[in-house]
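# Working through the structure, step by step
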2 protein chains.
Amino acid sequence: MTTGNREDYLINILRLTEGEGVAKTTELATYMNVSPASVSEMIKVLAKEGLVNYEKYKGVSLTEEGLTYARQLRKKHHVLERFLTDYLNIDHKTAHEEACRMEHAISDESAIKMCHMMGTPVDSDCQSCKKPCKAVSEGVTRITPLNKLAQSESGRISHITSDDTEVVKRLISMGFVPGREISIETILSDGGPRIVRMGNATMALDYHLASHIFVDTAAESEQF
Amino acid sequence: MTTGNREDYLINILRLTEGEGVAKTTELATYMNVSPASVSEMIKVLAKEGLVNYEKYKGVSLTEEGLTYARQLRKKHHVLERFLTDYLNIDHKTAHEEACRMEHAISDESAIKMCHMMGTPVDSDCQSCKKPCKAVSEGVTRITPLNKLAQSESGRISHITSDDTEVVKRLISMGFVPGREISIETILSDGGPRIVRMGNATMALDYHLASHIFVDTAAESEQF
DNA sequence: TTTATAGTTAAGGTCAACCTAATCTTAAAA
DNA sequence: TTTTAAGATTAGGTTGACCTTAACTATAAA
């Protein structure tokens, strides 16, 4: 495990080398607001650990391993930032700063699941980076809106979508979170409420609301 | 700002002083898996900062300020842990460990909002603590359980949920269907039945039963 | 080929933790 | 009331992960 600060170096090297091949010491020093000497020193450590390619006087770049690490970190950053702004209504600047702290604390697993929870937003461009980042993973599935499921059918929530952010937020806050197992208990009438079950909870849900929840019916025992 | 480790001391002092008035040095040392000497040392620092009451050889306790701080921290822990288990399906042990890291990174603001997002679950008992914890703040959640609504308040039924399927079915069969407008006519006594109105029907409803019905109070004319 | 600029090393500092060993307090047993 | 063991504290020291300044060195453009 690399420490928080080392991780910052990695992520910043990534940011600076994204377009160009290498980051220069001074450039990085300015960017991170430390002395060039500190950068040189740190880089030697990271090189020894195989995370960066380092040739004296020639700048740094990430190794394959470092790249993977840094990208993962950046994804975490984005996922968190996204979550903070979209789900918690935190303003952008604050969200960014907070994501900078939290990206070092969240596990890979949680980041991935968080990504799933939010549907696809992590694919898209990120405000604080020049480059877009990719979603953590994708699968082939049979996905149906919850309101189209028949009685006693079940599956796993794939994603939730609506033009109205509020609706998505509301559903999330009700516990409809991608990844959870869900089954239709009872259908009261065709266009009427659905009684659904998730874990121990049973819940009655409006037909229209249910249409925003997409269920993967082939995913009953699949793990992320 | 106190460092992560200092925060750990605070939260652990809180845990140990919850029942008893003070925590003993050795007790804390054992609990945190460090030497008693380290504890003494750290405590002096915290005392200097006004976060703990410290009288040599007499044990530590939190000051008013330290208590506030530690409680806030523990709340953060709970909110995060809850989020990880309930929303991301992370197993408990992992969630706890992760919350331990993240509690130092999340801001007060985000914790509060996260709490709101999740509705009320943070009120309830927490798996990893002996003591239940309170919600981060009362806050303005639009979705409120019916039993918490004041007299003459109204809204639209958002959803109905219970661990017991029968309860949900019964409520549905009584006409409590998501989407319907509802208002509190009369409150007979604090924990007593509510008389509610839906359309033309008036109905008396047990306090406990009412707690399963969630009302969107901001949604009086809103459509899903 | 010179020389400014950029990069590196050396030497040393700080800070927050931690530890062991020695010493001191307290409280309870003798 | 004295003794003493358990518990707490201090002293002194270590470590790791940073950082800095100052002096030195390489590079590449004039």
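Let me sum up the structure you'll find in this document. Please read all numbers here as calculations on a predicted model, not as lab measurements.

## What to know about helix 5 (residues 92–102) of chain B
If you check which residues of helix 5 of chain B are buried, you get B:Ala95, B:Glu98, B:Ala99 and B:Met102. For helix 5 of chain B, the angular spread of buried residues about the axis comes to 105 degrees, placing them on one side. On the buried face of helix 5 of chain B, the contacting elements are helix 5 (92–102) and helix 6 (108–117) of chain A together with helix 4 (64–87) of chain B. Between the side-chain oxygen of the N-cap and the backbone nitrogen of B:Lys93 there are 3.2 Å, and the N-cap of helix 5 of chain B in question is B:Asp91.

## Quick word on the environment of B:Ser189
All names here are of chain B. Looking at the secondary structure, you find Ser189 in the loop between strand 5 (181–187) and strand 6 (194–198). The class of Ser189 is partly exposed, set by a relative accessible area of 39%. Taking C-alpha positions, Ser189 is 9.4 Å from Tyr207, a pair spaced 18 residues apart along the chain.

## Brief notes about unusual backbone geometry
With a phi angle near 65 degrees, A:Tyr57 is a residue other than glycine that sits in the positive phi range. Here A:Tyr57 is to be found in the loop between strand 1 (52–54) and strand 2 (60–62).

## Some thoughts on the packing of helix 2 (residues 25–32) of chain A against helix 3 (residues 36–48) of chain A
Residue and element names in this part refer to chain A. Here helix 2 crosses helix 3 at 110 degrees, and the two axes come no closer than 8 Å. The orientation of helix 2 relative to helix 3 falls into the category roughly perpendicular. In this structure, helix 2 uses Thr25, Leu28 and Ala29 to contact helix 3, whose residues at the interface are Pro36, Val39, Ser40 and Ile43. Classifying every residue of the contact of helix 2 with helix 3 by side-chain character gives 5 nonpolar, 2 polar and no charged.

The rules behind each value
- Residues numbered from 1 in each chain as written.
- Chains lettered and ligands numbered in written order.
- Predicted model: local features only at pLDDT ≥ 70, side-chain atom pairs only at ≥ 80, totals over all residues.
- Heavy atoms only, no water.
- Buried < 20%, exposed > 50% of the residue type's maximum accessible area, 1.4 Å probe, protein only.
- Helix = DSSP H or I, 4+ residues; strand = E, 2+ residues; numbered from the N terminus.
- Arc of directions from axis to C-beta.
- Contact = heavy atoms within 4.5 Å.
- Polar contact = N/O pair within 3.5 Å; in protein donor to acceptor, adjacent residues only side chain to side chain.
- Axes fitted to C-alpha atoms, helices over the stretch in contact; angles between N-to-C directions.
- Parallel < 35°, antiparallel > 145°, perpendicular 65-115°, else oblique.
- Nonpolar A, V, L, I, M, F, W, Y, C, P; charged D, E, K, R; others polar.

Geometry only, nothing functional implied.
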